[in-house]
Amino acid sequence: MLDNSLSYCINEKCSKKDECLRFREKKNINIGETYFALNEEDCSKNNCYINKNEYYKKMIIDAIEKEAKDNIDRKFLLNLCYSLLKKSKEFNLDNKLKQKIRNLENS
């Protein structure tokens, strides 16, 4: 279904487009990606709207709370933490993420 897809929305008239993780401008369309255009009522009904800030904050919190199961998992998690470091400042989670990085580097 649409709510579980990796499709992107191109509804230029959407009032939430600046906040939505799925929204793409037509100039940024990539070959091979799937796009849909729903009115806001259908988007809400199908749970297609994903708030960018909520998504990124949850991703950062999940990375902070996740425990590595093995060495490969630790390397993956460390790489993820480094990639989220800049974004974590927006949510005032950078100190917790830096501590997680130190813990992963020392384990």
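Now for a description of the structure that goes with this document. Everything numeric in this text was worked out from a predicted model, so none of it was measured. All residue numbers refer to positions counted from 1 along the written sequence of the respective chain. Predicted model: local features are reported for residues with pLDDT of at least 70 only, side-chain atom pairs are reported and counted for 80 or more only, and whole-chain, interface and lining totals are derived from all residues. Hydrogens and water are ignored here; the side-chain numbers use all heavy atoms of the structure.

### Thoughts on the packing of aromatic side chains
Line of reasoning, step 1. The aromatic pairing rule takes the rings of Phe, Tyr and Trp, using the six-membered ring of Trp, and pairs them if the centres are within 6.5 Å, calling planes under 30 degrees apart stacked, those over 60 edge-to-face and the rest tilted. Under the definition given, this model contains one aromatic pair.
Line of reasoning, step 2. Note on Tyr55 and Tyr56: the rings are 5.6 Å apart at their centroids and 75 degrees apart in plane angle, and the pair reads as edge-to-face.
Line of reasoning, step 3. For a lysine, the NZ atom is tested; for an arginine, the CZ atom; a charge sits over a ring if that atom is within 6 Å of the ring centre and within 35 degrees of the ring normal. Between the NZ or CZ atom of Lys16 and the centre of the ring of Tyr49, over which it lies, the distance is 4.5 Å.

### Description of the nonpolar core
Line of reasoning, step 1. Remark: nonpolar core denotes a set of buried residues (Ala, Val, Leu, Ile, Met, Phe, Trp, Tyr, Cys) joined through side-chain atoms within 4.5 Å. Think of it in three bands: residues with accessible area under 20% of the maximum for their type are buried, residues over 50% are exposed, and the middle band is partly exposed, with areas taken using a 1.4 Å probe on protein chains only. Core analysis: the biggest nonpolar cluster contains 13 residues, and Ile60, Cys81 and Leu97 have the highest contact counts within it.
Line of reasoning, step 2. Comment: elements are numbered from the N terminus, with helices defined as DSSP H or I runs of at least four residues and strands as E runs of at least two. Taken together, the elements giving at least two residues each to this core come down to α2 (52-65), α3 (71-88) and α4 (94-105).
Line of reasoning, step 3. The leading source of residues in this core is α3, at five residues.
Line of reasoning, step 4. Two residues qualify as a contact provided that any one of their heavy atoms is within 4.5 Å of a heavy atom in the partner residue. If near-sequence neighbours (up to four positions away) are discounted, Cys81 is found in contact with Ala63, Leu97, Lys100, Ile101 and Leu104.
Line of reasoning, step 5. Listed in part, the five residues of the second largest apolar core include Cys9, Phe36, Cys43 and Cys48.

### With respect to the environment of Asn51
Line of reasoning, step 1. Position of Asn51 among the secondary structure elements: in the loop between α1 (40-45) and α2.
Line of reasoning, step 2. Once the C-alpha coordinates of Asn51 and Leu21 are considered, the two residues, 30 residues apart in sequence, prove to be 5.9 Å apart.
Line of reasoning, step 3. A polar contact is formed between the side chain of Asn51 and the side chain of Tyr49, at a distance of 3.1 Å.
Line of reasoning, step 4. For the purposes of these results, a polar contact is taken to be a pair of N or O atoms within 3.5 Å, where, inside protein, one atom must be able to donate a hydrogen and its partner to accept one; residues adjacent in sequence count only when each atom of the pair is a side-chain atom. Within the local environment of Asn51, its side chain forms a polar contact with the backbone nitrogen of Asn53, the two atoms lying 2.9 Å apart.

### Focus on empty space enclosed by the protein
Line of reasoning, step 1. In the cavity and pocket records, a cavity denotes points on a 1 Å grid over the protein atoms alone where a 1.4 Å probe fits but cannot get out, a pocket denotes an open set with protein on both sides within 12 Å along at least 5 of 7 lines, and lining residues are residues with an atom within 4 Å of a point. Grid points are joined across faces, edges and corners, and a volume is the space filled by probe spheres set on the points. Overall, the coordinates contain one cavity of 30 Å³ or more when judged by the stated rule.
Line of reasoning, step 2. Empty space within the largest cavity amounts to approximately 80 Å³.
Line of reasoning, step 3. Lining the largest cavity we find 14 residues, and of these Cys9, Cys14, Cys20, Cys43 and Tyr49 sit closest to its centre.
Line of reasoning, step 4. Residues are sorted three ways: Asp, Glu, Lys and Arg are charged, Ala, Val, Leu, Ile, Met, Phe, Trp, Tyr, Cys and Pro are nonpolar, and all the rest, Gly among them, are polar. Of the residues that constitute the lining of the largest cavity, the class distribution is nine nonpolar, two polar and three charged.

### Re the pattern of salt bridges
Line of reasoning, step 1. Should a side-chain nitrogen of Lys or Arg be within 4 Å of a carboxyl oxygen of Asp or Glu, the pair is scored as a salt bridge. This structure, assessed with the given rule, holds six salt bridges.
Line of reasoning, step 2. Two residues, Glu12 and Lys17, come together in a salt bridge whose shortest N-O distance is 3.8 Å.
Line of reasoning, step 3. According to the relative accessible area criterion, Glu12 is partly exposed, its value standing at 34%.
Line of reasoning, step 4. A salt bridge links Asp42 to Lys45; the nearest nitrogen and oxygen atoms lie 3.7 Å apart. Of this pair, Asp42 and Lys45 both sit in helix α1, three residues apart, which is roughly one turn of that helix.
Line of reasoning, step 5. By relative accessible area, Asp42 is classed as partly exposed at 25%.
Line of reasoning, step 6. Residue Lys45 is classed as exposed on the basis of its relative accessible area, which comes to 61%.

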